[in-house]
Amino acid sequence: MTEKERVYQQECAVQVREIMEIRARGPQPLASVHVFGCQQNVADAERMKGMLAEMGYGFTTDDEEADLILFNTCAVREHAEDRVFGNVGALKSIKRRHPTTLIALCGCMAQESHVAKKLKESYPFVGLVFGTHNVHRLPELLLDSLLHGRRVFACEDSAGEVHEGIPIHRDGTIRAWLPVMYGCNNFCTYCIVPYVRGRERSRTPDMVLAEAQDIVNNGFKDITLLGQNVNSYGKNLPEPVSFASLLKQTAEIPGDFWVRFMTSHPKDATQELFDAMASSDKICKHLHLPFQSGSDRILKKMNRHYDRAKYLELVKAARKAMPDISLTSDVIVGFPGETREDFEETLRLVKEVEFTSLYTFIYSPREGTPAAKMEDPISAAEKSAWFTELCKVQEEIAARRCAKMVGSTVKVLCEGRSEKGIVSGRTEGNLVITFPAEAEVVGHFAEVKITNARNWTLQGELVKVYQ
Ligand code: SAH
Ligand code: SF4
Ligand code: F3S
């Protein structure tokens, strides 16, 4: 965003603030922001909330009292879209009760032309729709809607710029999300992301490090660097820089915090990355490395550019550099044309690697992607049975891994405490351990002795707290 454009958005923000001072139903205008999908959407929402705060809005989780209800949506699977349509549909009655409430929908679904069309035609109570490329224009779009009382649609694709200088309103106080790049160039044949998020573009290291410094200054203890494929970070910058180098520089910021990242594509994961991870205690020994399928035939059809052998080699190299590394992954069951034999290759890979945890998905056809046109003879019932089988295998692996940890003492970041006084702490490997402790420990690192493993959840007792 140019300086001129930022100033223009700020001018719009001032006008929105003035209008809403008069029109708000309560003493202060309120926004209810719902976020679906991945951390990238959470990070976008924190920027939208930053702009809303600048416009005088406070935040509520109660749609009933909101002047603005904003849905930041995900398009990655049909289920995600159905949920949004269900939720938005339910707002019709709120709009009837409170006609001045503005209902807005943004994010990945809004970037799909068939969704924008459906909203335009069948959801007249949705007053504002804007896609992922127009997040930074929120003040201007809100002003347009408020001034003219018309429905506003801003779903066009942009050239794929990086917009800096947007204020950020972070939800948490312990974990922070930090986007280092946007978009994706990989076009895996099942995936909608490259269509709704545009081409890869990186923020400059200066911008990323300044935001990381700000996060640390504000007392956060865990930073997740975000990108759809962080290993291609920096390749297209005027002065190219590798993700491994960015990661190391982030860890060099003084302070007591952890840094982790998501997501790595196996085709671009390198020894340099593993060496960088191993070089600092502040970099979490956790690697989320989606393999998607264990079958070479299916990986080819998915356009993933690696095979099973290459994936297993990476696992070996990562474990050589960091013997205790925690590996997690994504996998799709029932890709078009996947046979029982292909699926068994996936099962075999899962058993061989022994992931800490696995995010399992049943393939969902996405309009406009190549896979949606591929023949898909396997029934939904069969896919669902495979899915259950895979989950069971992984649950057994996770339970076994957890049982082995009983008796050991590990470092956790204390993230929250239940009313019953049970604190949940996250390890650098992304495992959650619960233990009784006082509220003061929340937000601090602590040592916890693992006393019990129930299936794949861990319980422990507090050994010491780092102040
Ligand atoms: N950029 C990340 C993933 C983003 S989407 C990566 O490449 O790893 C998160 C996960 O959703 C993917 O890893 C994949 O497992 C799953 N996914 C994406 N499209 C899907 C589809 N059409 N059906 C089912 N799962 C899908
Ligand atoms: Fe989708 Fe593949 Fe890009 Fe990940 S790398 S966002 S799965 S296209
Ligand atoms: Fe969903 Fe968009 Fe993320 S499609 S998974 S919210 S990039």
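Nothing here was measured: the structure is a model prediction, and the numbers come from that model.

What counts as what
- Residues numbered from 1 in each chain as written.
- Chains lettered and ligands numbered in written order.
- Predicted model: local features only at pLDDT ≥ 70, side-chain atom pairs only at ≥ 80, totals over all residues.
- Heavy atoms only, no water.
- Helix = DSSP H or I, 4+ residues; strand = E, 2+ residues; numbered from the N terminus.
- Rg over C-alpha atoms; globule rule 2.2 N^0.38 Å.
- Buried < 20%, exposed > 50% of the residue type's maximum accessible area, 1.4 Å probe, protein only.
- Contact = heavy atoms within 4.5 Å.
- Areas by Shrake-Rupley, 256 points an atom, 1.4 Å probe, with all protein chains shown as cover.
- Phe/Tyr/Trp six-rings, centres within 6.5 Å; stacked < 30°, edge-to-face > 60°.
- 1 Å grid on protein atoms, 1.4 Å probe; cavity = no way out; pocket = protein on both sides within 12 Å on 5 of 7 lines; lining within 4 Å.
- Points joined across faces, edges and corners; volume = space filled by probe spheres on them.
- Nonpolar A, V, L, I, M, F, W, Y, C, P; charged D, E, K, R; others polar.
- Domains from an automatic or database assignment.
- Pairing = 2+ DSSP bridges.
- Axes fitted to C-alpha atoms, helices over the stretch in contact; angles between N-to-C directions.
- Buried area = accessible area lost by both parts, 1.4 Å probe.
- Salt bridge = Lys/Arg side-chain N within 4 Å of Asp/Glu carboxyl O.
- Polar contact = N/O pair within 3.5 Å; in protein donor to acceptor, adjacent residues only side chain to side chain.
- Near = heavy atom within 4 Å.

Q: It is not clear to me how the overall build of the chain should be interpreted in this structure. Could you clarify?
A: Within the chain, the secondary structure is distributed over 14 helices and 19 strands. In terms of overall dimensions, the chain is globule-like: its C-alpha atoms have a radius of gyration of 23 Å, near the 23 Å expected for 467 residues. Each of the 467 residues in the chain was classed as buried or not, and the buried ones make up 55%. Long-range pairs, those at least 24 residues apart, make up 74% of the contacts in the chain with a sequence separation of at least 6. Carbon and sulfur atoms make up 51% of the accessible area of the chain, which totals about 20400 Å².

Q: Would you explain the packing of aromatic side chains in this entry?
A: This model, assessed by the stated rule, comprises 12 aromatic pairs. Pairing Phe291 with Phe355 gives two aromatic rings, centres 5.6 Å apart and planes at 5°, and the pair type is stacked. One end of the pair, Phe291, is in the loop between β12 (286–288) and α11 (296–301); the other, Phe355, is in the loop between α13 (340–353) and β14 (357–362), and 64 residues separate them in sequence. Comparing Phe291 with Phe355 shows no difference in burial state: the two are buried. When the ring of Tyr306 is compared with that of Tyr311, the centres are 6.4 Å apart and the planes differ by 40°; the resulting orientation is tilted.

Q: Any chance you could explain empty space enclosed by the protein here in plain terms?
A: Empty space among the atoms becomes visible once a probe the size of a water molecule is rolled across them. What the rule picks out here adds up to 1 cavity of 30 Å³ or more. The volume enclosed by the largest cavity comes to roughly 210 Å³. Every residue lining the largest cavity is counted, 14 residues in all, and those nearest its centre are Asp44, Thr132, Val135, His163 and Tyr182. Taken together, the residues of the lining of the largest cavity break down into 4 nonpolar, 5 polar and 5 charged. When residues of the lining of the largest cavity are assigned to domains, at least three map to each of domain 1 (3–154) and domain 2 (175–404).

Q: Just checking my understanding: could you explain the environment of Lys118 for this structure?
A: With respect to the helices and strands, the residue Lys118 is situated in helix α5 (residues 113–122). The exposure class of Lys118 is partly exposed, given its relative accessible area of 37%. Look past the residues within four positions of Lys118 in its chain and what remains in contact with it is Phe85 and Tyr123.

Q: What's the story with the environment of Lys4 in this structure? I'm lost.
A: Relative to the helices and strands, Lys4 resides in helix α1 (residues 3–23). You can call Lys4 exposed: its relative accessible area is 72%. In the structure, Lys4 is positioned 385 residues away from Glu389 in sequence and 56 Å away in space, judged by C-alpha atoms.

Q: I keep staring at the sheet that holds strand β11 (residues 258–262) and nothing clicks. Help me out?
A: Hydrogen bonding along the main chain pairs the strands of a sheet, whether they run parallel or antiparallel. Here 3 strands make up an open sheet; going across it, the order is β7-β10-β11 and the pairing parallel. Looking at strand neighbours, the two that pair on one side only are β7 (175–179) and β11, the edges of this open sheet. For this sheet the average axis-to-axis angle between neighbouring strands, irrespective of direction, equals 25°. Examined bridge by bridge, β7 and strand β10 (residues 222–226) share 5 bridges and lie parallel to one another. Pairing of Trp177 across the sheet is with Thr224, part of β10.

Q: Help me out: how do you make sense of helix α6 (residues 138–148) in this one?
A: Most of α6 sits inside the fold, with 8 of its 11 residues counted as buried. When we look at burial in α6, the residues that qualify are Leu138, Pro139, Glu140, Leu141, Leu142, Leu143, Ser145 and Leu146. Note on α6: the residue one or two positions beyond its end, Gly149, has a positive phi of about 60°.

Q: Please clarify how the sheet that holds strand β4 (residues 102–107) should be interpreted in this entry.
A: The 6 strands are arranged β2-β1-β3-β4-β5-β6 in an open sheet whose pairing can be described as parallel. Single-partner strands in this sheet number two, and they are β2 (58–59) and β6 (152–154). Looking at chain direction, strand β1 (residues 30–35) and strand β3 (residues 68–73) are connected through 5 bridges and run parallel. Within β3, the residue paired with Val33 across the bridge is Leu70.

Q: Even after reading the chapter, I still don't get the domain arrangement of the chain, so can you show me in this structure?
A: It is common to give the size of an interface as the accessible area that goes away when the parts come together. Annotation of the chain at the domain level lists domain 1 (3–154), domain 2 (175–404) and domain 3 (409–466). Here the C-alpha centre of domain 3 lies 26 Å away from the C-alpha centre of domain 2. Here domain 2 meets domain 3 over a buried area of about 1500 Å², counting both sides, of which 65% is carbon and sulfur. Counting every contact that joins domain 2 to domain 3 gives 1 salt bridge. Where domain 2 meets domain 3, there are 4 residue pairs in polar contact (both at pLDDT 80 or more). Those elements that provide at least two residues to the side of domain 2 that touches domain 3 are β11 and α14 (380–405). With 5 residues, the top contributor of residues to the side of domain 2 that touches domain 3 is α14.

Q: Help me understand the site of ligand 2 in this model?
A: The environment of ligand 2 is made up of Cys184, Asn186, Phe187, Cys188, Tyr190, Cys191, Val193, Pro194, Gln228, His265 and Arg304. Looking at side-chain class alone, the shell around ligand 2 contains 7 nonpolar, 3 polar and 1 charged residues.

Q: For this particular structure, what's the right way to read the side chain of Thr250?
A: Locating Thr250 in the fold gives a position in helix α9 (residues 243–251). Overall, Thr250 belongs to the buried group, its relative accessible area being 0%. Apart from residues lying up to four places away in sequence, Thr250 is in contact with Leu209, Ala212, Leu225, Phe257 and Val259.

Q: Mind showing me how you'd approach the pairing of strand β18 (residues 445–454) here?
A: When a strand is regular, its side chains alternate between the sheet's two faces. Inspection of the sheet shows strand β15 (residues 409–417) paired to β18 by 5 bridges, in the antiparallel sense. Counted as the bridge partner of Val412 is Ala446 from β18. The pairing of β18 with strand β19 (residues 457–465) spans 8 bridges and is classified as antiparallel. Looking at the pairing, Ala446 lines up with Val465 of β19.

Q: When you look at the layout of surface pockets in this model, what are you seeing that I'm missing?
A: Of the volumes computed, that of the second largest pocket is approximately 520 Å³. If you go around the second largest pocket, you meet 19 residues; those closest to its centre are Asp324, Ser326, Arg401, Met405 and Leu431. With 5 residues, the single largest contributor to the lining of the second largest pocket is α14. Counted by class, the lining of the second largest pocket contains 7 nonpolar, 5 polar and 7 charged residues.

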